[in-house]
Amino acid sequence: MDAFTSGPVSYLELVAVFVAAVSGGLAAVRKRFDVFGVLVLAWVTGLGGGILRDVLIGDTPPVGISSWKLVTAAIAAGVIIFFFHPGLERMRRSILVLDAAALALFVLQGTTKSLDLGAGVLASVVVGVLTAVGGGIMRDVLVGEVPLVFADRQLYAVPALIGAGITAGLWQLGVLGLGTGLGVVVLVFGFRVVSLARGWTVPRPGAGWTARWGRGSGRMER
Amino acid sequence: MDAFTSGPVSYLELVAVFVAAVSGGLAAVRKRFDVFGVLVLAWVTGLGGGILRDVLIGDTPPVGISSWKLVTAAIAAGVIIFFFHPGLERMRRSILVLDAAALALFVLQGTTKSLDLGAGVLASVVVGVLTAVGGGIMRDVLVGEVPLVFADRQLYAVPALIGAGITAGLWQLGVLGLGTGLGVVVLVFGFRVVSLARGWTVPRPGAGWTARWGRGSGRMER
Amino acid sequence: MDAFTSGPVSYLELVAVFVAAVSGGLAAVRKRFDVFGVLVLAWVTGLGGGILRDVLIGDTPPVGISSWKLVTAAIAAGVIIFFFHPGLERMRRSILVLDAAALALFVLQGTTKSLDLGAGVLASVVVGVLTAVGGGIMRDVLVGEVPLVFADRQLYAVPALIGAGITAGLWQLGVLGLGTGLGVVVLVFGFRVVSLARGWTVPRPGAGWTARWGRGSGRMER
């Protein structure tokens, strides 16, 4: 599956990292971080999912700290955000679409890399999803927010999970290649974009839950 | 020490993961997370300590992402919480007791695995404690709370530390087996349950500390 | 580069860990953590950067959990803070100076260890900076604060980055030894202390940024 990490697809990966890093840089700007904070948040958000992937499958040092191309893509996003963040406001819709593409690429690449390194099907699906959502979770924790992906009811992790599952299935059948891989990307991307356009959501637990329970329940209701 | 990871003990492990995962799922419900958030919090809380253990001792991919049995136990807890959380309220006391059993099992198993993989006595004690308390710390960070285990004054980490120390001592003496191992579990479990029943606490630093100090001291008092 | 991990320099390392651990213990005291919380925060802040380094470069188990000397230095700081924290208030200025020395030592040692283990120049610079600032970031996340190093505009990470870059350059030229290494330490230390004395700061993004943007922008402004 080198097709996903070299050649034309690797350029797409740089775009994916850049787009994810933009969301990290913007979160840092909103929190009034300084220039170092903006650059680190861009790096963590763009590459944190892949770093988590590589640590979990034992491929150290992670490419998110060793690849000049990837680190440059993430830091470049941070620099651009630092200087030009108001301009990016107008591109909100474009960035959401690019972010859906990044989600799809991260899932395919994270799952495939993990499978190729022998991590097994289940671990590879988990790692594929974490590659896609891990950077955003780190971003939210570092700016002091509850991770959006856990609470905003959007279909973000669900397309990732489906894409990772299909990728693993194709790999087990021995038919994961450039064509089928791009099929996965199109599917995850399309599912995400359609769900955005239609406002689809996933459910929350039932609303009748008001009771206090367990260790420290009191402070939970602050 | 395969006795702790196969045979009857491995069923106890599934129960331990399930119980820990329940506390994660309930924390997610309290925060109004969506279904993905509830399942991830259940997984992180049930298996995060073991994932931390495996990453720290270099045993990748961690069983917390690669074992079908363990992942199923954690996700099952999340699903049940998602649908039936009000019913679990009535089981508060039972769950606290089960959680004490989970604490004891995680300590024994985490310390032993680390010793068996050659991590040394000190690292294995640290890893044993982290196996037991790491998932809860991740749960609290992800829901935006200060980790309960650092601040609630309960005897939770202390029995874990004592159990990990005794496990390492037995291992060094060459007498760690199914019998002595279960002795450790009973000791940690009993210590935890008795401390709960009697309301024992560990001390806080003296209360006279009101001064401001160091970098960023001002914002600490917000 | 064994000169940096044995002999006289290793004593300096214990002092560096101790000083960093003091800041963790004090943060825990401010948050009214219990004795376990104080000790864990001291340990995480003193050794968390090195643990992150070792996990990222695949050197497990990390010395931060396996070295008796290092763990004792961190825990000793926690114990002293637990009992004597008001007295440390008067030493504020001394501790800031010692912390600058710790920053410098961590950068040199983290970068060098990573280079020696073959992680490459870019990864080693990243890892060197993370060795120096990682413990403080973990401290802040665990006490529920936004990491100070991202937002306080101080020259803290910048001297670390410069020091890591110079260390990597010296290593590539084959002239990194005890003398040049100590030169790096003096440079990072001096830069940090002078920037403190003069109140130098790094910039924030432009202040005109008030617009809402992207996923979850609403809740960012809470």
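Residues numbered from 1 in each chain as written. Chains lettered and ligands numbered in written order. Predicted model: local features only at pLDDT ≥ 70, side-chain atom pairs only at ≥ 80, totals over all residues. Heavy atoms only, no water.

Here the focus is a nonpolar patch on the surface. Residues and elements named next belong to chain A. Taken together, the side chains of Val79, Ile80, Phe83 and Phe84 make up a nonpolar region of the molecular surface, amounting to roughly 390 Å² of accessible area. Inspection of the secondary structure assignment puts Ile80 in helix 4 (residues 68-89). When its relative accessible area of 34% is taken as the criterion, Ile80 is described as partly exposed. (Patch = residues over 30% accessible without salt bridge, like charges linked within 9 Å, V, L, I, M, F, W, Y side chains within 5 Å. Areas by Shrake-Rupley, 256 points an atom, 1.4 Å probe, with all protein chains shown as cover. Salt bridge = Lys/Arg side-chain N within 4 Å of Asp/Glu carboxyl O. Helix = DSSP H or I, 4+ residues; strand = E, 2+ residues; numbered from the N terminus. Buried < 20%, exposed > 50% of the residue type's maximum accessible area, 1.4 Å probe, protein only.)

Here we come to the relation of the copies chain B and chain A. Two copies of one chain are present, and they are related through a rotation about an axis combined with an axial shift. Overlaying chain B with chain A gives an RMSD of 0.0 Å, the required rotation being 120° about an axis along which the chain moves by 0.0 Å. Accordingly, the operation relating the two chain copies is best matched by a three-fold axis. Looking at the interface residues of chain B, only 11% of them are also at the interface in chain A, so each copy uses its own face. (Least-squares fit on C-alpha atoms with pLDDT ≥ 70 in both. Contact = heavy atoms within 4.5 Å.)

On the side of chain A, 38 residues touch chain B, which itself brings 45 residues to the contact. Summed over both partners, the interface of chain B with chain A buries about 3,800 Å², with 69% contributed by carbon and sulfur atoms. Inspection of the region where chain B meets chain A yields 0 salt bridges. Counting every contact that joins chain B to chain A gives 5 residue pairs in polar contact (both at pLDDT 80 or more). Sorting elements by how many residues they give to the side of chain B that touches chain A places helix 2 (residues 35-56) of chain B first, with 9 residues. Across the side of chain B that touches chain A, the residue classes tally to 28 nonpolar, 7 polar and 10 charged. (Buried area = accessible area lost by both parts, 1.4 Å probe. Polar contact = N/O pair within 3.5 Å; in protein donor to acceptor, adjacent residues only side chain to side chain. Nonpolar A, V, L, I, M, F, W, Y, C, P; charged D, E, K, R; others polar.)

Looking now at the pattern of salt bridges. Oppositely charged side chains can form a pair if their charged atoms are brought close together. This model, assessed by the stated rule, comprises 15 salt bridges over all chains. For Asp59(C), the salt bridge is made with Lys113(C), and the minimal N-O distance between the two is 2.9 Å. Placement of Asp59(C) in the loop between helix 2 (35-56) and helix 3 (63-66) and of Lys113(C) in helix 5 (residues 92-116) is noted, with a sequence separation of 54 residues between them. Each of Arg53(A), Asp54(A), Asp59(A) and Lys113(A) takes part in one network of salt bridges that share partners.

This next bit is on helix 9 (residues 178-198) of chain C. All names here are of chain C. Spanning 21 residues, helix 9 covers 30 Å between terminal C-alpha atoms, matching the ideal 30 Å at 1.5 Å per step. Along helix 9, the positions that sit buried rather than exposed are Gly181, Val184, Val185, Val188, Arg192 and Ser195. Take helix 9 and look down its axis: the buried residues cluster within an arc of 110°, on one side only. Seen from the open side of helix 9, the exposed residues pointing more than 90 degrees away from its buried face are Gly179, Val186, Ala197 and Arg198. Its buried side turned inward, helix 9 meets helix 5 and helix 8 (157-172). Backbone geometry just after helix 9 places Gly199 at a positive phi near 70°. (Expected span 1.5 Å × (residues − 1). Arc of directions from axis to C-beta.)

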